[in-house]
Amino acid sequence: SIDDLVVFAIACCCILGIYLLLQQIVHTEKGRAWIVMLMSSAMLSIFGTYFVIDAQAHDSWTYEYIYSETFLSRCVLLFFLASNIMDLLLGIYHYPKFLDPFSTIAHHTFYISFILVLLSQHYSRGFMLCFFMEIPTFVLSLGTIWPQLRSDTLFGASFVATRLLYNVILARTLYLISPEGKIWRVCCAVLGLHSYWFSKWASKQGKELLQ
């Protein structure tokens, strides 16, 4: 729709504008590769937390809540779509060696496709509950761009709390609400990926502690 195109265009322009501003003070290619992720995870963490609190406060863990949408949830999902596309486009020109085939290109392509499905079926609100898991991405992005702000303890704790424990709870809850649904399946799929990432991170941290 025209409204979707307007929201999407505004999101792309905001992402591009903030990226161009921040790249002036972020002098490494690795740091620049995380600017869009910083913006995206900050926004998604805020709105993800809001929708989790909203669902809990109104006892709205129901089929009607999950498989529906509001204007706000649709706008947030369009922002997520814009951030994935802009990260790929900016990456081609500004940080090509950090466009990892799996964790960036395949990851973003999958989510772009899944977002388009959710938008076409007007199921954006349920996916908002997944964005609570973006908190550790924000912590990691912040520490990658500005190493003085890095906190391995905060990252590890937030990862376990959101991407492992909360992920399991969310997947189970969504399955019980609608076994034929799509969102719980994605939660289960990314849980395996999150577990793999965490095992690699924990192994690296263990080796550093032993040195």
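Note that this is a predicted model, so its numbers are computed, not measured. (Residues numbered from 1 in each chain as written. Predicted model: local features only at pLDDT ≥ 70, side-chain atom pairs only at ≥ 80, totals over all residues. Heavy atoms only, no water.)

**Comments concerning the packing of aromatic side chains**
So, point 1. Summed over the entire model, instances satisfying the criterion amount to 16 aromatic pairs.
So, point 2. Aromatic side chains Tyr 111 and Phe 127 sit 6.3 Å apart centroid to centroid with 40 degrees between the ring planes, which places their arrangement in the tilted category. With Tyr 111 in helix α6 (residues 101-121) and Phe 127 in helix α7 (residues 124-128), this pair connects stretches of sequence that are 16 residues apart.
So, point 3. For the pair Phe 155 and Phe 159, a centre-to-centre distance of 5.6 Å together with 55 degrees between the ring planes defines the contact as tilted. Of this pair, Phe 155 and Phe 159 both sit in helix α9 (residues 152-177), four residues apart, roughly one helical turn. Taken as a pair, Phe 155 and Phe 159 share a single burial class, namely buried.
So, point 4. Among the aromatic residues, those joined into a ring-pair cluster are Phe 80, Phe 110, Tyr 111, Phe 114, Phe 127 and Phe 131. (Phe/Tyr/Trp six-rings, centres within 6.5 Å; stacked < 30°, edge-to-face > 60°. Helix = DSSP H or I, 4+ residues; strand = E, 2+ residues; numbered from the N terminus. Buried < 20%, exposed > 50% of the residue type's maximum accessible area, 1.4 Å probe, protein only.)

**Some words on the pattern of salt bridges**
So, point 1. This model, assessed by the stated rule, comprises four salt bridges.
So, point 2. A salt bridge links Asp 4 to Arg 74; the shortest N-O distance between them is 2.8 Å. Residue Asp 4 is found in helix α1 (residues 2-22), and its partner Arg 74 is found in helix α5 (residues 71-94); the two are separated by 70 residues along the sequence.
So, point 3. Among the residues examined, Arg 74 registers a relative accessible area of 14% and is labelled buried.
So, point 4. Measuring nitrogen to oxygen at the nearest pair gives 3.1 Å for the salt bridge that ties Arg 74 to Glu 69.
So, point 5. Connected through salt bridges with shared partners, the residues Asp 4, Glu 69 and Arg 74 form a single ionic network. (Salt bridge = Lys/Arg side-chain N within 4 Å of Asp/Glu carboxyl O.)

**Examining the side chain of Ser 40**
So, point 1. Within the element layout of this structure, Ser 40 appears in helix α3 (residues 35-57).
So, point 2. Among the residues examined, Ser 40 registers a relative accessible area of 4% and is labelled buried.

**Observations regarding the confidence of the model for the protein**
So, point 1. Scored by pLDDT, the protein comes out at a mean of 90, with 98% of its residues at no less than 70.
So, point 2. Put simply, helix α10 (residues 183-210) is where the protein has its lowest mean pLDDT, 80, and α1 is where it has its highest, 96. (pLDDT = per-residue confidence, 0-100.)

**Topic: the environment of Ser 41**
So, point 1. Residue placement: Ser 41 occurs in helix α3.
So, point 2. In this structure Ser 41 comes out as buried when scored by relative accessible area, which is 0%.
So, point 3. Taking C-alpha positions, Ser 41 is 9.1 Å from Met 133, a pair spaced 92 residues apart along the chain.
So, point 4. Contacts of Ser 41, omitting those with residues within four sequence positions, involve Glu 134, Thr 137, Phe 138 and Ser 141.
So, point 5. Only 3.2 Å separates the side chain of Ser 41 from the backbone oxygen of Leu 38, close enough to count as a polar contact. (Contact = heavy atoms within 4.5 Å. Polar contact = N/O pair within 3.5 Å; in protein donor to acceptor, adjacent residues only side chain to side chain.)

**So, the nonpolar core**
So, point 1. Counting residues in each nonpolar core, the largest one holds 53 residues, and the members touching the most others are Leu 77, Phe 80, Phe 127, Leu 129, Phe 131, Leu 170 and Ile 183.
So, point 2. Residue assignment for this core shows that the elements contributing at least two residues are α1, α3, α4 (63-66), α5, α6, α7, α9 and α10.
So, point 3. For this core, the leading source of residues is α5, giving 10 residues.
So, point 4. Residues in contact with Phe 131, not counting those within four places in the same chain, are Leu 44, Ser 45, Gly 48, Val 76, Leu 77 and Phe 80. (Core = buried A, V, L, I, M, F, W, Y, C linked by side-chain atoms within 4.5 Å.)

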